[in-house]
Amino acid sequence: MKKENFLGLSERVVELGKQAEQYLTPYFSRIDEIADYNTQKVLAAFRAHRVSDTMFAGTTGYGYDDHGRDTLEEIYADLFGTEAGLVRLGFVNGTHALSCALFGALEPGDVMLSVTSAPYDTLLNTVTGDCPGSMKRYGIGYRQVDLKDGRLDLEAIEKAAAADDVKMVFLQRSRGYAVRQTLSCAEIGEACAVVRRVNPNAVIMVDNCYGEFTEELEPTRVGADMCAGSLIKNPGGGLALTGGYIVGRKDLVERAAYRLTAPGIGGECGCTMGQNRLLYQGLFLAPHVTAQAIKTAVFCAKVMQLLGFTVDPAPEAPRYDIIQTIAFGAPDPLRRFCEGIQAGAPVDSFVTPEPWAMPGYDDPVIMAAGAFVQGASIELSADAPMREPYVCYMQGGLTYPSGKAGILLAAEKLIQSGLCK
Ligand SMILES: *Cc1c(COP(=O)(O)O)cnc(C)c1O
């Protein structure tokens, strides 16, 4: 059979892809192993909780006695090794879930200590912002310990965490959109042990966005009291239409639920309007989909490295989130790369991404994304501020073959325009 070249890839790019893939075989098998382990973990939890069709029906109105919702929360708690879980469509995004967790755990006069430099941009408004309702405006203090050469500074953490007024120590697992290393659960565990020694009562909380199912462990299995994240990233498996989750100690999850709804009501209310099936099915797929996204990131790293660009993490490095950075060093190759990613998207493949002014950014930002769920970064996407050193953040890919196609189209654009080795 004569095979068709559906995407019009040149021979050179096809060869480049084959070369990268061959080289990556041993690294891919490690990713598959983690997906196997986490898939079995999810299946076991579904079995233990006797998941059945009746749980998918959902509720309306107040949402009392939503058996599907409550069981899903128990399943999340099992997967993360915690006492309780709160998995809700009412969380509008990851920032909202994190914000409820923070406001639940802290009271006026308490201090939150972030030990991974400043929290994620959007969360920073909640913590130190001047807008009405911020933690700062409620008299909740904030201090931080900066990362040292991109890693946890355990000595400085030990000193800072010992202060009496520190009621929470906060860590961000993923690099997010910063130049730093992503933390492994082993590293998070070390930090937890240090904090426990000097301040046994401090709540240890982890921003787990982008980290779920990338390892066999989660932060709450290595000493964290709670963690939170978004359902339109890893744990929603690409199917969740919105939502977020919090897992952790029972009292902390309950306090966070009081913030999400109202004190005294908490998690008792919150209808699911027929969405439970997608949250279950998404969670079932999540270990696999996360592995697909990581393979896409690793493939991207190798291909872009072969084309002469600097990538981080390296293709060979273990992964603790789904983000890949590529330093293009100039605006033109960055634009070509984003055009290729956009061309490989299943939705809006025909549009050309243009750098544009974005609220909160000093420089124009270019974004490539064509997702089934608006803004879902578990789907193939790339974005970058248009400034030196023109670093692009690439993440997602619901299936490795489609993620790979996007990367190959990006390579094609770079080669055609003569902007690479
Ligand atoms: C995505 C993300 C968040 C939350 O962002 P939302 O857009 O509000 O979902 C928080 N922290 C990190 C590290 C993230 O990657």
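A short tour of the structure in this document, coming up. Owing to the predicted nature of the structure, the values given are computational and were not obtained by experimental measurement. (Residues numbered from 1 in each chain as written. Predicted model: local features only at pLDDT ≥ 70, side-chain atom pairs only at ≥ 80, totals over all residues. Heavy atoms only, no water.)

### Some remarks on the nonpolar core
Selection rule: What makes a nonpolar core is a set of buried Ala, Val, Leu, Ile, Met, Phe, Trp, Tyr and Cys residues whose side-chain atoms join them at distances within 4.5 Å. Exposure categories follow from relative accessible area, calculated using a 1.4 Å probe and restricted to protein chains: below 20% of the type maximum is buried, above 50% is exposed, and the middle band is partly exposed. Where helices and strands are cited, they refer to DSSP runs of H or I of at least four residues and of E of at least two residues respectively, numbered from the N terminus.
Judged by nonpolar contacts, the single largest core of 51 residues is most densely connected at Met304, Ile326, Phe328, Phe337 and Met394. Only α1 (11–48), α8 (276–306), β9 (323–327), α9 (331–343), β10 (365–369), β11 (381–385), β12 (391–395) and α10 (400–416) provide two or more residues apiece to this core. It is α8 that provides the largest number of residues to this core, a total of 11 residues. One finds Met55, Val145, Val169 and Val222 within the second-largest nonpolar core, a separate group that totals 43 residues.

### Focus on the sheet that holds β10
Cut-off, in case you're wondering: At least two bridges found by DSSP between two strands are what make those strands a pair. Here the axes come from fitting lines to C-alpha atoms, over the contacting stretch only for helices, and the angles between their N-to-C directions go from 0 to 180 degrees. By the convention used here, residues are in contact when the closest approach between their heavy atoms is within 4.5 Å.
As summarised here, the arrangement of the 5 strands in space is β8-β9-β12-β11-β10, forming an open sheet in which the pairing is antiparallel. What marks the edges here is a single partner per strand, and that holds for β8 (310–312) and β10. Looking at each pair of strands side by side, their axes are set apart by 15° on average, direction ignored. Here β9 runs beside β12; their pairing, made up of 5 bridges, is antiparallel. Counted as the bridge partner of Thr325 is Tyr393 from β12. The sheet strands contacting α8 are β8, β9 and β12, and the helix crosses β9 at an angle near 15°.

### Overview of the site of the ligand
Quick note on the threshold: Near is defined per residue: the residue qualifies when any heavy atom it owns lies within 4 Å of the molecule or strand. Definition of a polar contact: a pair of N or O atoms within 3.5 Å, with one able to donate and the other able to accept a hydrogen when the atoms are protein atoms, and with sequence-neighbouring residues admitted only if both atoms are side-chain atoms. Computed with a 1.4 Å probe, the accessible areas rest on the Shrake-Rupley method; for each residue, only the protein chains presented here act as cover. Lys, Arg, Asp and Glu make up the charged group, whereas Ala, Val, Leu, Ile, Met, Phe, Trp, Tyr, Cys and Pro make up the nonpolar group; the residues left over, Gly among them, are polar.
Taken together, Asn93, Gly94, Thr95, Leu98, Tyr120, Gln172, Asp207, Cys209, Tyr210, Ser230 and Lys233 form the complete shell of residues around the ligand. Between the ligand and Asn93 there is a distance of 3.4 Å, counted from an oxygen atom to a side-chain nitrogen or oxygen. In the environment of the ligand, an oxygen atom lies 2.8 Å from a nitrogen or oxygen atom belonging to the backbone of Gly94. Protein coverage of the free-state accessible area of the ligand, which is 380 Å², stands at 89%. Considering every element that reaches the shell around the ligand, the biggest residue donor is helix α3 (residues 94–105), with 3 residues. Looking at side-chain class alone, the shell around the ligand contains 4 nonpolar, 5 polar and 2 charged residues.

### Some details on the layout of surface pockets
Using the following cut-off: Grid points spaced at 1 Å over the protein atoms alone were grouped into cavities, where a 1.4 Å probe fits but cannot get out, and pockets, open sets with protein on both sides within 12 Å along at least five of seven lines, with lining residues defined by an atom within 4 Å of a point. Grid points are joined across faces, edges and corners, and a volume is the space filled by probe spheres set on the points.
In this structure, the second largest pocket occupies an estimated 480 Å³ of space. Mapped by element, the contributors of at least two residues to the lining of the second largest pocket are α2 (67–80), β1 (84–88) and α7 (250–260). Classifying every residue of the lining of the second largest pocket by side-chain character gives 8 nonpolar, 4 polar and 10 charged.

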